Amino acid sequence: MFVEVNDLHYAVIHPPAGALPNCGPWNDLVDDLACAFLVGQEELPRWEAWAHGRTCCVLPTSLDFLIPVKGNIRYALEHLEAQPYESAYVCFDEDELREAISTRLGTVLVGRDPLRIMPDIVADDAADAVTVLQAATNGTAWGFAAELSGSVGHGPRRQHLFILTEAPGVVPYDIGGRVQITIMGRYFSASDTRHGKHQPTYRLQRLKEMAHFGRPFVDALAMVLEITDGRQRVGCVTCVPARPARIGPPPLFEVVEQACRHAANRNGGLPFRPELLRCIRDYQPQKELSGVARRQNVQGAFSVAEGRLPEHVVLVDDIITTGSTVVECARTLIAAGTRSVTVVGLGRTQSCIPQSSSVEAPGCGRRGCPGQLTMRLNKPPRDGAFWGCSEFTEGGRCAAITSWPDGIRAYNTLNRRDAIEDWLDVPF
Ligand SMILES: [Zn+2]
């Protein structure tokens, strides 16, 4: 998967309760990075003793049920005199990650399924997290693919790195036994605070306009194709086809064609067959629809070219949100005789809350308030997201706020919006 970090100098770490400061990998990390450890009141003395004289600070979080994660992070950054984009947040809990990911920190999730929400780095355990962070810091992460720093003009975007590492167990994600999904990176929608600052997002956005913005993806995609081919021989590579109304090939085709040519472990590269799938009827833009409607929207929209199909096809798409389009394409290929399909997404939309008019928001819950609970983003420079009443900003009539996990749970219960579970529902 791709790991997006900056020049990483700082780490804010929330170790699991009971983790020992002086045994395990933490020593190595504080040698390389300035760290803030967020530990509970009862563990504070031990950590303080250990941190003595080190580039490390300890924050008591006995009130952490009152202070949201982003509050702790902000406090830690101030303590370290660190900027968000030179810092990483390490957590062991997915709910925490959900909150941290809306900040401008690189995020590390330790020990959990990475695809539900994608952190910058996934680590198996604390030792692994330290290894990956160190590798990212000194540029020796395995499979370093492309550093985009400086490749896209001036401003904060220049600071971003784009690193390919293969973390065991991360890719690909298996759905239905015959289709696997590999996600190369993250994509932040326009409503996310990271939209304008995240290099791959910027690139993917521009890719729609001109293929040359996709150039940095070529090497990376070539590498992913090589890895995929090494796992299971690739018969051919294809893309999600353009809608009938489109004139000329989509820019993605050029990216994939070049990547296939560059895939080095095959003489002459991997065969690219852009004509393999065809879009036979127009469909509504997917971003306007909810998960179930998206699936219905694309059902039967594709057909496969005549002739014998390879056993294993790689299907590339630029941005994957719920996966409905790629899953429909994969289903079409399998119905036509392909044995297995590996889907490769250049980016996966990170907002688990699609901005859509057709999804329901949970009620605010306050008596007599007509408002709805919606995910709200703090305006920069205050980072982070929270769940609050929709009436909050419109005249400030209701200030109801719900915790992040509760908000997400209420939303998911109402809309069954977990994209991965959406995919799992699809029979093959
Ligand atoms: Zn309200």
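The preceding data block contains the structure.
Values in this document were obtained by computation on a predicted structure and should not be read as measured data. (Residues numbered from 1 in each chain as written. Predicted model: local features only at pLDDT ≥ 70, side-chain atom pairs only at ≥ 80, totals over all residues.)

Our focus in this paragraph is the overall build of the protein. In terms of helices and strands, the protein carries 12 helices and 19 strands. A total of 428 residues make up the protein; the buried ones form 44% of that total. Of all intrachain contacts in the protein linking residues separated by at least 6 positions in sequence, the fraction that spans at least 24 positions is 65%. (Helix = DSSP H or I, 4+ residues; strand = E, 2+ residues; numbered from the N terminus. Buried ≥ 20, exposed ≤ 12 C-beta atoms within 10 Å, placed from the backbone. Contact = placed C-beta atoms within 7 Å.)

On to the environment of V234, then. Note that V234 resides in the loop between α7 (215-231) and β12 (236-239). Between the alpha carbons of V234 and E311 there is a distance of 7.9 Å; along the sequence they are 77 residues apart. Every residue in contact with V234, bar those within four places of it in the chain, is listed here: L225, T228, D229, L270, H312 and V314.

On to the nonpolar core. Grouped together as the largest cluster of nonpolar side chains are 47 residues, with contacts concentrated most on L221, L225, V237, V256, A259, L315 and A330. In terms of residue count, the dominant contributor to this core is α7 (eight residues). Setting aside its immediate chain neighbours within four residues, L225 contacts V234, V237, A259, C260, A263, L270 and V314. (Core = buried A, V, L, I, M, F, W, Y, C linked by C-beta atoms within 7 Å.)

Within a regular beta strand, the side chains point alternately toward one face of the sheet and then the other, so they alternate between its two faces. Burial within strand β5 (residues 87-91) is extensive, with five of its five residues counted as buried. Of the strand pairs in this sheet, strand β2 (residues 10-13) and β5 are connected by four bridges, and their pairing is parallel. Across the sheet, residue A11 finds its bridge partner in β5, namely A88. Here β5 pairs with strand β6 (residues 106-110) via four bridges, running parallel. The residue bridging C91 from the neighbouring strand is L109, located in β6. (Pairing = 2+ DSSP bridges.)

Let us look at the packing of α7 against helix α8 (residues 251-262). Two quantities define a packed helix pair, namely the angle between the helix axes and the distance between the axes. For the pair α7 and α8, interaxial distance at closest approach is 8 Å and the crossing angle is 55°. Taken together, α7 and α8 sit at an angle that is classed as oblique. In this structure, α7 crosses over α8, and the sense of that crossing is right-handed. Where α7 abuts α8, its residues F217, V218, D219, L221, A222 and L225 lie against V255, V256, Q258, A259, C260 and H262. A per-class count over the contact of α7 with α8 returns nine nonpolar, two polar and one charged. (Axes fitted to C-alpha atoms, helices over the stretch in contact; angles between N-to-C directions. Parallel < 35°, antiparallel > 145°, perpendicular 65-115°, else oblique. Left-handed = near helix turned anticlockwise from the far one by under 90°. Nonpolar A, V, L, I, M, F, W, Y, C, P; charged D, E, K, R; others polar.)

Taken across its nine residues, strand β15 (residues 312-320) has eight buried, putting it largely inside the fold. Across four bridges, β12 lies against β15 in parallel orientation. Pairing of T238 across the sheet is with L315, part of β15. Bridge analysis of β15 against strand β16 (residues 340-349) gives eight bridges, and the strand direction is parallel. Within the sheet, the bridge partner assigned to V314 lies in β16 and is T342. In the classification by handedness, the crossover that spans β15, the intervening helix α10 (residues 324-335) and the parallel β16 is right-handed. (Right-handed = clockwise from strand over helix to strand, strands pointing away.)

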